[in-house]
Amino acid sequence: MLEAKPRFQSFDEYLSYHDASEKLYELFNGELIEMPPESGLNIEIATFLLIQFAAIVGYRRVRGQGLELEVRGEPKNRYPDLTIIRPEHIEQLSQRNTIRLSMLPPLLAIEVVSPGELQRDRDYVAKRIQYQDLAIPEYWIVDPQTQTILVLEITETGYTEIGVFAGDNLIISPQFRQLDLTASQVFNPGS
């Protein structure tokens, strides 16, 4: 028997839906689109960065891919690979790990680019526009294919490029200056 997919008229209606699975969905034009699992490499990179940032801000303020951001446009939600939240978010997210448009944005969103042109466009263009719209102060695009990290900072006119970091370049984070990390360490954490 074929099951009808639910359709949602609003983000609030979507938030009240539970399908008893561990799947992550993007809400696109009122329909649920199941997100495929991340590659092992992307998970390794995100986990490495999670550990680095947890040492700076504490583990409670670092969230992996399960953190959901409500965004404008389509889809209506995103799941960054890594997010640094504000101290006040800890309590706000205790029931559901979702940052709503009505809340302050997280301090940092990090996306690790998956292989393929569609995925590159999603991280470099679509998510950049949506995260800029939310005024997330800092956005990193970590690209394993080019072994580069693009760091963007929000300004009055939108995101400004802080730099593209590769090799032994020290990554400059406008908000987390105590970060002592090179691009090589991110892409080759064992070396």
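## Some points on the overall build of the chain
Logical step 1: Counting its secondary structure elements, the chain contains 5 helices and 11 strands.
Logical step 2: At 17 Å, the chain has a C-alpha radius of gyration in line with the 16 Å of a compact globule built from 191 residues.
Logical step 3: Considered along the principal axes of its C-alpha atoms, the chain spans approximately 55 × 35 × 30 Å.
Logical step 4: In the chain, which comprises 191 residues, the share counted as buried stands at 46%.
Logical step 5: Of the contacts formed within the chain by residues at least 6 apart in sequence, a portion of 53% connects residues at least 24 apart.

## Looking at helix H4 (residues 117–134)
Logical step 1: End to end, H4 covers 25 Å across 18 residues, agreeing with the expected 26 Å (1.5 Å per residue, within 8%).
Logical step 2: Of all bends in H4, the biggest is about 40 degrees, found at Lys127.
Logical step 3: All of the buried residues in H4 are Asp123, Lys127, Gln130, Tyr131 and Leu134.
Logical step 4: Buried residues along H4 sit against strand S4 (68–70), strand S5 (77–78), strand S8 (108–112), strand S9 (138–143) and strand S11 (158–166).
Logical step 5: In the stretch just after H4, Ala135 is the one whose phi turns positive, near 65 degrees.

## Some remarks on the sheet that holds strand S6 (residues 82–84)
Logical step 1: Read across the sheet, 6 strands follow the order S3-S6-S8-S9-S10-S11 without closing on themselves; strand pairing throughout is mixed. Lying at the two open borders of the sheet, with one neighbouring strand each, are strand S3 (62–63) and S11.
Logical step 2: Here 6 bridges tie S9 to strand S10 (residues 148–155), and the two strands are oriented antiparallel to one another. Its bridge partner lying in S10, Ile141 is registered against Leu150.

## Digging into the packing of aromatic side chains
Logical step 1: Under the definition given, this model contains 7 aromatic pairs.
Logical step 2: Plain terms: the ring middles of Tyr139 and Tyr159 are 6.1 Å apart, the flat faces sit at 35 degrees to each other, and that makes the pair tilted. With Tyr139 in strand S9 and Tyr159 in strand S11, the pair connects residues that are 20 residues apart, well separated along the chain.
Logical step 3: Residue classification places Tyr139 among the buried residues on the basis of a relative accessible area of 0%.

## Brief notes about the environment of Leu170
Logical step 1: Residue position: Leu170 is located in the loop between S11 and helix H5 (183–187).
Logical step 2: C-alpha separation for the pair Leu170 and Asp180, spaced 10 residues apart in sequence, amounts to 7.0 Å.
Logical step 3: Excluding anything up to four places from it in sequence, Leu170 contacts Phe165, Asp180, Leu181 and Thr182.

## A closer look at the environment of Ile56
Logical step 1: Of note, Ile56 is situated in helix H2 (residues 40–57).
Logical step 2: A relative accessible area of 26% means that Ile56 is categorised as partly exposed.
Logical step 3: Counting along the chain gives 121 residues from Ile56 to Arg177, while the straight-line C-alpha distance between them is 10.0 Å.
Logical step 4: Beyond its immediate sequence surroundings of up to four residues, Ile56 is in contact with Phe176, Gln178 and Leu179.

## Overview of the nonpolar core
Logical step 1: Counting 26 residues, the largest nonpolar core has Leu49, Phe53, Trp140, Val142, Ile149 and Val186 as the members making the most contacts within it.
Logical step 2: Only H2, S6, S8, S9, S10 and H5 provide two or more residues apiece to this core.
Logical step 3: Sort the elements by how many residues they give to this core and H2 lands first, with 7 residues.
Logical step 4: If sequence neighbours within four positions are ignored, Ile149 has contacts with Trp140, Ile141, Val142, Gly163, Val164, Phe165, Ile171, Ala183, Val186 and Phe187.

The rules behind the values
Residues numbered from 1 in each chain as written. Predicted model: local features only at pLDDT ≥ 70, side-chain atom pairs only at ≥ 80, totals over all residues. Heavy atoms only, no water. Helix = DSSP H or I, 4+ residues; strand = E, 2+ residues; numbered from the N terminus. Rg over C-alpha atoms; globule rule 2.2 N^0.38 Å. Buried < 20%, exposed > 50% of the residue type's maximum accessible area, 1.4 Å probe, protein only. Contact = heavy atoms within 4.5 Å. Expected span 1.5 Å × (residues − 1). Bend = angle between axes of the 7 residues up to and from the residue. Pairing = 2+ DSSP bridges. Phe/Tyr/Trp six-rings, centres within 6.5 Å; stacked < 30°, edge-to-face > 60°. Core = buried A, V, L, I, M, F, W, Y, C linked by side-chain atoms within 4.5 Å.

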